[in-house]
Structure formats: C-alpha cells, structure tokens
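Take a look at the letters that make up each chain.
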Amino acid sequence: MTTEQVRRAYAAMADRYIALFGTSGQVHADDLAFLRRHLTGRPGPVLDLGCGPGHLTDFLRAHGADATGVDIVGEFIAHARAAHPAGRYLLGSMADLPVADRRVAGILAWGSVIHLPPPDLDRVLAEFRRVAAPGATVVLGIFVGDEVAAFDHKVVTAYRWPVDAFAERLARAGFTEVERLHRPGDAGRRPHAAVAAVAAG
C-alpha cells in the first residue's frame with residue numbers, strides 16, 4: 001500500500017467521508033476527552049497528521065492548542081480551510097514533515113497510521129520522534145485485533161494491531177506510553193484504541 005494509493009482512494013470518496021465523519025460531534029465523547037487531556041493546555045505547536053476534514057484540528061484549537069492540520073488529500077485540505085477558516089491546514093505527508101527537529105509539542109495521528117504496512121510504521125514513528133520536542137505527547141488512534149493483520153477497510157486496505165505490540169513500536173521509536181483507551185467493537189464500529197505516549201528527553 002503506497003501513499004499515492006491511499007491518497008487516491010480517499011480523494012475518490014472525499015465528499016462521502018466528509019459527510020460521515022467531518023465534525024467533532026461524530027467523534028465519541030471519550031475520545032474527545034482523551035485528546036483534550038493529552039494535547040491541549042500546553043505551549044508549542046501541535047500537528048494533526050492525517051487531519052482529513054480538519055474537525056479534530058479545529059477541536060484542538062477551540063480548546064487552546066496551537067494546532068495545524070496536515071493531510072495528503074487535497075480535497076480534505078480544501079474543505080478544512082473552507083469549514084474552519086481560522087485554522088491552519090497544509091498539504092503534506094506525515095512521512096516527510098516540513099518541520100525542524102525537536103520543535104513540536106504534540107502530535108495527533110487519529111486513524112491515520114492504519115494504512116501503513118507494518119514494515120513502514122517504524123519509519124513514520126521515527127519521523128514523529130524527529131520533530132517531537134522533549135516531553136512532547138503523541139496520541140494515535142488505531143484499530144485493534146489479536147494479531148497484526150490487514151483487513152478490508154471501507155476506503156483502502158488497513159491494518160489492525162494488538163495494542164501491546166503497537167506500544168512496543170512506539171517505545172522502539174523513543175516514546176513512553178502514559179495512557180491508553182480501548183473500546184470494543186459494536187454493530188457499526190470495529191474495536192479501536194487510543195494510545196498516548198511521551199517523547200524521551
């Protein structure tokens with residue numbers, strides 16, 4: 001699965017995705033509380049990587065974070081700029097961030113690393129670590145399973161992870177887990193987890 005394949009798949013159904021998921025009101029209250037707890041109330045820039053329609057970037061900004069959304073899908077960035085004109089939204093890839101080393105206070109990757117084949121995850125987490133200042137917090141949302149495995153996501157192939165295995169990848173990249181949130185699946189949603197971790201000094 002390449003970045004270009006993911007970009008094209010989301011671009012092809014951007015309007016439908018925005019209608020289904022494009023506001024913070026469509027995000028579970030527990031998830032929003034988790035984001036607010038770990039990514040607001042701190043000085044320094046916060047990046048929302050794979051920001052999609054920009055709703056979580058806007059949520060973080062509304063709660064005082066200096067948040068910028070970044071996405072590879074031009075249609076999402078155009079929507080985010082129109083829907084949230086006070087925000088900052090940039091076209092770009094989480095694998096190659098136009099940010100100096102150790103400058104970022106927080107990173108959100110909410111469901112945006114799920115399309116990375118497992119061999120590519122470490123490289124992207126290393127990029128997160130490069131830009132993260134000492135003590136910066138990263139929050140990642142993932143799909144959960146008993147083993148690392150691909151599945152047929154509605155947009156394009158994605159991967160589920162055991163949370164412990166994912167946390168080990170974060171530790172390998174230089175992040176220490178501080179909290180996790182797990183929600184079992186139901187009739188409409190797959191099991192998912194959020195992991196918050198802090199960059200070592």
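Right above here is the structure, for reference.
Report on the accompanying structure. (Residues numbered from 1 in each chain as written. Predicted model: local features only at pLDDT ≥ 70, side-chain atom pairs only at ≥ 80, totals over all residues. Heavy atoms only, no water.)

We now examine the overall build of the chain. What the chain contains, in helices and strands, is seven helices and nine strands. Taken over C-alpha atoms, the radius of gyration comes to 15 Å for the chain, in line with the 17 Å a tight globule of 201 residues would show. Overall, the chain is about 40 × 40 × 30 Å in size when its C-alpha atoms are taken along their principal axes. Counting over 201 residues, the chain shows a buried share of 50%. Counting only contacts in the chain whose residues sit at least 6 apart along the sequence, the fraction spanning at least 24 positions is 66%. (Helix = DSSP H or I, 4+ residues; strand = E, 2+ residues; numbered from the N terminus. Rg over C-alpha atoms; globule rule 2.2 N^0.38 Å. Buried < 20%, exposed > 50% of the residue type's maximum accessible area, 1.4 Å probe, protein only. Contact = heavy atoms within 4.5 Å.)

Within a pair of aromatic rings, the relevant descriptors are the distance that separates the centres and the angle that separates the planes. All told, the structure shown has five aromatic pairs when counted by the stated rule. Their ring planes at 80 degrees and their centres at 5.6 Å tell us that Y10 and Y17 sit as a pair that is edge-to-face. What makes Y10 buried here is its relative accessible area of 9%. For Y17, a relative accessible area of 21% corresponds to the partly exposed category. Linked through ring pairs, Y10, Y17 and F76 together constitute an aromatic cluster. Sitting over the ring of F175, R129 keeps its end group 5.9 Å from the ring centre. Above the face of the F143 ring, R190 is positioned so that its terminal group lies 5.9 Å from the ring centre. (Phe/Tyr/Trp six-rings, centres within 6.5 Å; stacked < 30°, edge-to-face > 60°. Lys NZ or Arg CZ within 6 Å of the ring centre and 35° of its normal.)

Moving on, we come to the pairing of strand β3 (residues 88-91). Two elements, strand β2 (residues 66-71) and β3, share four bridges in a ladder whose sense is parallel. Its bridge partner lying in β3, G69 is registered against Y89. As a crossover connection, the stretch from β2 through helix α5 (residues 74-83) into β3 is right-handed. (Pairing = 2+ DSSP bridges. Right-handed = clockwise from strand over helix to strand, strands pointing away.)

With that out of the way, let us pick up helix α1 (residues 3-12). Among the residues of α1, those classed as buried are V6, A9, Y10 and A11. Considering only its buried residues, α1 is in contact with α2 (14-21) and α5.

By themselves, these are just geometric observations and shouldn't be taken as functional.
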